[in-house]
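Spelled out from the first residue to the last, the chains are:
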Amino acid sequence: MTNIPLWLIPLFPLLGTIILGAIAVTSSGNKKGAPENLVGAIAVILPAFSFACVAALAYTMPVSGLHETICNWIDIPLLKVDIGFQFDALSRIMLLFVTGIGTLITLYSIGYMHGDRGFARFFAYINLFLFSMIVLVLSDNLLLTFLGWEGVGLCSYLLIGFWNKDLANCKAANKAFIVNRVGDIGFLLGMLSLVTLGGAGVLNYDMLNHFINMLLAGGHVELIMPMLFITCMLFFVGCTGKSAQIPLLTWLPDAMAGPTPVSALIHAATMVTSGVYLVARLSNLFVLCPDVLNIILVIGALTAFWAAFAGLYQNDIKKVLAYSTISQLGYMFMAAGASAFDASIFHVFTHAFFKASLFLGAGAVIHALGGEQDMRKMGGLIKKTPVTACVMIFAFLAIVGFPGFAGFWSKDLILERIFTDCTWVITGSWLAPVVPMNKIFYIVGLFTAVVTAVYMGRLIIMTFFGSYRGSKESEAHIHEAPAVMLIPMIVLSFGSIFSGYLWADSIGIHFFADSLAPVLAAAQSVDPARAFNSSILLSEFIPRAVEHVNPVIFAALGTLAALFGMFIAWKGWMHAHIPEAKDSSAPKGYAAGWTFMWDYVHAFFVKGVYVAAWICEKIVDACLQAFQWMLGAIATIVGDGATVFQVRKVRLQLGLSLLGIIALILVVLLTGGLV
Amino acid sequence: MELQPIFIQILSLAIFAVGIVVAISRRNIFFVLMGIELALNAVNLSFVGFAKTLPAELSVAGQIVPLFTIAIAAAEACVGFAMVILIFRNRESVDADTYSNMRG
């Protein structure tokens, strides 16, 4: 048992933010900017310290977790919130990869951002982001988590718009911020309705679990079902905003306007998974509401499917990876919707490694080509940048689920758990008397895995194979990235190969599941059909014998899907002539229609808001102004009338007012007041 | 004959009446101000007179309030005379009846 206090973990990045912020402000005036060595050293060492703290704590943590209350935050009659930290199995996993991958990507950024004017500012933001993310996962109550949630949103905004000379970047930053606000309203209202249900105390996670146990023991779940449904839905809206699920996903592809390390750290590995984290953290609450879990399952499946196809239509290398992130997040939510929360956290964990290496590899490619992001102008880079190519190919094998790589274990686990754990059955529909939804979602997931292999294969082939399609003079400049960028990439690519072996079901390793069990096992053992009848939507629960399917079949099917997808990609792009890029890399035609589908939906709602604003301005405002003018006119008329009484003699008026006072006193004396 | 509280009140009423009559009937603005001051001090006298009817430990309030009133009256007199002087510079007159161009 070590005696490291928990507040040290967020303290280091906060210190980094303050120091680097001071450096950035003081050096903004001089010509050369801050010394890069100093800034880079501070920016890497402080997150590394907090990673060391996390690692030491993770190794010695007791099963029940560590709790620590720092101080009181809000203390008003109806609301008492402490600033408290909680280090349990779930936050341990999250913190390990947030601080670990955060440190690696910060190291990478030193190479990537070399020579940038805002070098110190960039690392101040990165440290602030790590601080917020640590607060998000380490806090022991929802309100402090919300503080971190807003903090990471702010840092995302600042870093997307980091190169703020370009208007498009600023617009992308605004879009990310505003779309996230919509989700945050869901989070806020969710907390509000949770407080309405159980009092302000339930904002604390331990108290919330206690409250839920009381509900289950007393059999009161049905009583508060509608309110519970609304609460869970609102929290899920918050998650869709942060984790880019349908319908609030349009901001993530635009967020690629930021520097590539930012895309790797914030928009792939850590921040976007905080929605999955929240669902897992509130898993005891969500399992009370099977309807919400079903909705999560549907949304996750739709998102995974839609984004996989959207990824197929992109020419910008970062956009492909952005849609792939959305698609993988969809998988995570599918797992959560099938109440396999540990599988979803496992996929968060492995995804953080392979997606971070993919993004860092893409960053190295962009760096090598001097800022070129269009895949149609790449090709044949495996000869010029072999290390980058190897890193990306390993990560590619991980994401498509090639046997033995990280994604193989986590993605197949999710598909398997969807098949075995999902108890949702629709009865009496027009299709068939009984529709087992688990099979449908399994097929959707498997099909998405094929598409994933296709678009990722296309990315790898267009980037690294064939012949170079860019201009001759740019070809001469292609160079491998410096060591400071390659080392994090290599470490992460090892992660994307081996991190899956923490939970390799087929060969009997359950380390990851066992370590998460203290937090998530209770939620996953709740059987909604047995515990209570809680259905308020169309679904109906029928106790169903768990079908025993040999896990090897799942593994074989997953492998087949990956191989089939890779085969299609090889057939489609390996020897095909890729048209020369003359215009921007944005998709066109039907591809644009599919890619920007949700932007059109958003535009529809934005139009609605415009109409509402127009009504407010032209009608409501006009009515109010008419009322205001009427009052003013009445006052003027009455005032004109009252001036008649003015006699313009000071003494006479004094006398009259004295008379008035005497009259008043007489009235009071004679009648005892007019009341 | 001992000093009865009612005598003080009668005196105070008389002084107040004189003050009001002066303020209303005199046209000279200085006399108007003087009348107002007189009325104000009559009220102070009334306060002290009533304080005398109470036992000693309770009469403190009645004795303190006139002190406040005197302080405020001094401030009011300053402002009032400053205004009178400004009006006199404009008007060349101390007749209150000529100050009649304040329109509603």
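Remember, predicted model here, so these are calculated numbers, not experimental data.

This paragraph deals with the overall build of chain B. Across its full length, chain B carries 3 helices and 0 strands. Listed N to C, the secondary structure of chain B is α-α-α in terms of helices and strands. Taking 104 residues into account, the globule formula puts the C-alpha radius of gyration at 13 Å, and chain B, at 17 Å, lies well above it. For chain B, the spread of C-alpha atoms along the principal axes amounts to about 55 × 25 × 25 Å. The contacts of chain B with a sequence gap of at least 6 include a subset with a gap of at least 24, amounting to 47%.

Scanning chain A from N- to C-terminus turns up 27 helices and 4 strands. Summarising its shape, the C-alpha atoms of chain A cover approximately 105 × 70 × 60 Å along the three principal directions. Considering chain A as a whole, with its 675 residues, one finds that 48% of them fall into the buried category. By sequence separation, contacts in chain A at least 24 residues apart represent 81% of the contacts at least 6 residues apart.

Quick look at the environment of serine 243 of chain A now. With respect to the helices and strands, the residue serine 243 of chain A is situated in the loop between α8 (225-242) and α9 (251-254). Those residues in contact with serine 243 of chain A that sit more than four places away from it in its chain are Val272, Thr273, Gly275, Val276 and Leu329 of chain A.

Turning next to the domain arrangement of chain A. Domain boundaries assigned for chain A yield domain 1 (1-140) and domain 2 (606-671). Summarising the inter-unit geometry, the C-alpha centres of domain 1 of chain A and domain 2 of chain A are found 60 Å apart.

All names here are of chain A. Direction vectors running N to C along helix α14 (residues 317-337) and helix α15 (residues 341-368) enclose 175°, while the axes themselves pass 9 Å from each other. By the angle class used here, α14 and α15 are roughly antiparallel. Across the interface between the two elements, Ile317, Lys318, Leu321, Thr325, Gln328, Tyr331, Met332, Ala335 and Ala336 from α14 touch Phe341, Ala343, Ser344, His347, Val348, His351, Lys355, Leu358, Phe359, Ala362 and Val365 from α15. For the contact of α14 with α15, the class distribution of residues is 13 nonpolar, 5 polar and 2 charged.

Another point: the pairing of strand β1 (residues 66-76) of chain A. Consecutive side chains along a regular strand alternate between the two faces of the sheet. All names here are of chain A. Strand direction decides the pairing type here: β1 and strand β2 (residues 79-87), joined by 9 bridges, are antiparallel. Paired with isoleucine 76 across the two strands is leucine 79, which belongs to β2. The hairpin formed by β1 and β2 contains 2 residues between the paired strands.

Core analysis: the largest hydrophobic core is formed by 206 residues, its most contacted members being Ile134, Met334, Ala335, Ile345, Ala356 and Ile418 of chain A. For isoleucine 418 of chain A, the residues in contact, after removing those within four places along its chain, are Met334, Ala335, Ala338, Asn438, Phe441, Tyr442 and Gly445 of chain A. By size, the runner-up hydrophobic cluster in this structure holds 6 residues, among which are Val650 of chain A together with Ile29, Val32 and Ala96 of chain B.

All right, on to the environment of isoleucine 70 of chain B then. Secondary-structure assignment places isoleucine 70 of chain B in helix α3 (residues 60-91). Expressed as a C-alpha distance, the spacing of isoleucine 70 of chain B and leucine 58 of chain B, which sit 12 residues apart in the sequence, is 21 Å.

Before going further, it helps to spend a moment on the environment of serine 274 of chain A. Residue and element names in this part refer to chain A. When you line up the elements, serine 274 lands in helix α11 (residues 274-281). Here the alpha-carbon distance between serine 274 and tryptophan 149, two residues 125 residues apart in the chain, equals 8.0 Å. Contact partners of serine 274, with chain neighbours within four places excluded, come to Leu136, Trp149, Val152 and Lys242.

With that settled, consider the packing of helix α1 (residues 8-26) of chain A against helix α2 (residues 36-60) of chain A. Any two packed helices are characterised by the angle at which their axes cross and by the distance between the axes. Residue and element names in this part refer to chain A. Taken N-terminus to C-terminus, the directions of α1 and α2 make an angle of 170°; their axes are 8 Å apart at the nearest point. Considered as vectors, α1 and α2 are oriented roughly antiparallel to each other. Residues Leu8, Ile9, Phe12, Pro13, Leu15, Gly16, Ile19, Leu20 and Ile23 of α1 touch α2, and the partners they reach there are Val39, Ile42, Ala43, Leu46, Pro47, Phe49, Ser50, Cys53 and Val54. Along the lines of polarity and charge, the residues of the contact of α1 with α2 split into 16 nonpolar, 2 polar and no charged.

A few words on the confidence of the model for chain A. Within chain A, residue pLDDT values average 87, and 94% of them lie at 70 or more. At the level of individual helices and strands, chain A shows its lowest average pLDDT in helix α23 (residues 528-531) of chain A, which scores 48, and its highest in helix α5 (residues 142-160) of chain A, which scores 94.

For the rest of this paragraph, the subject is α5 of chain A. With 19 residues, α5 of chain A extends 26 Å between its outermost C-alpha atoms, agreeing within 8% with the 27 Å of an ideal straight helix rising 1.5 Å per residue. Extensive coverage of α5 of chain A is indicated by the burial of 14 of its 19 residues.

Residues and elements named next belong to chain A. For the bond from isoleucine 246 to proline 247, the omega torsion is 5°, close enough to zero to count as cis. Within the element layout of this structure, proline 247 appears in the loop between α8 and α9. The phi dihedral of alanine 244 is positive, around 55°, even though this residue is not glycine. Take alanine 244: it is sitting in the loop between α8 and α9. Of the residues examined, alanine 244 has 29 C-beta atoms within 10 Å and is grouped as buried.

The rules we used
What you see as residue numbers is a count from 1 along each chain, following the sequence as written. Naming scheme: in the order in which they are written, chains are lettered from A and ligands are numbered from 1. Thresholds applied to this predicted model are a pLDDT of at least 70 for local features of residues and 80 or more for the giving and counting of side-chain atom pairs; totals over whole chains, interfaces and linings are not thresholded and use all residues. Helical segments are the DSSP runs of H or I of at least four residues, strand segments are the runs of E of at least two, and each set is numbered from the N terminus. Computation of the radius of gyration draws on C-alpha atoms alone. For the globule rule, the value is 2.2 Å times the number of residues to the power 0.38. Residues are scored as being in contact if the C-beta atoms we place from backbone atoms lie within 7 Å. Buried means a residue has 20 or more other C-beta atoms within 10 Å of its own C-beta, exposed means 12 or fewer, and partly exposed covers the counts in between; C-beta atoms are placed from the backbone. Start and end positions for the domains come from either an automated domain assignment or a database one. Axis geometry follows a simple rule: fit a line to the C-alpha atoms, using only the stretch in contact for helices, then measure angles between N-to-C directions, giving values from 0 to 180 degrees. Oblique is the label for any angle not covered by the other classes, which are roughly parallel (under 35 degrees), roughly antiparallel (over 145) and roughly perpendicular (65 to 115). Ten residue types, Ala, Val, Leu, Ile, Met, Phe, Trp, Tyr, Cys and Pro, are classed as nonpolar, four, Asp, Glu, Lys and Arg, as charged, and the remainder, Gly among them, as polar. Think of it this way: DSSP has to see at least two bridges between two strands before they count as a pair. Note on terminology: a nonpolar core is any set of buried Ala, Val, Leu, Ile, Met, Phe, Trp, Tyr and Cys residues joined through C-beta atoms within 7 Å. Values of pLDDT, ranging from 0 to 100, describe the predictor's confidence in every residue of the model. Here the expected length of a helix is defined as 1.5 Å per residue gap, with one fewer gap than residues.

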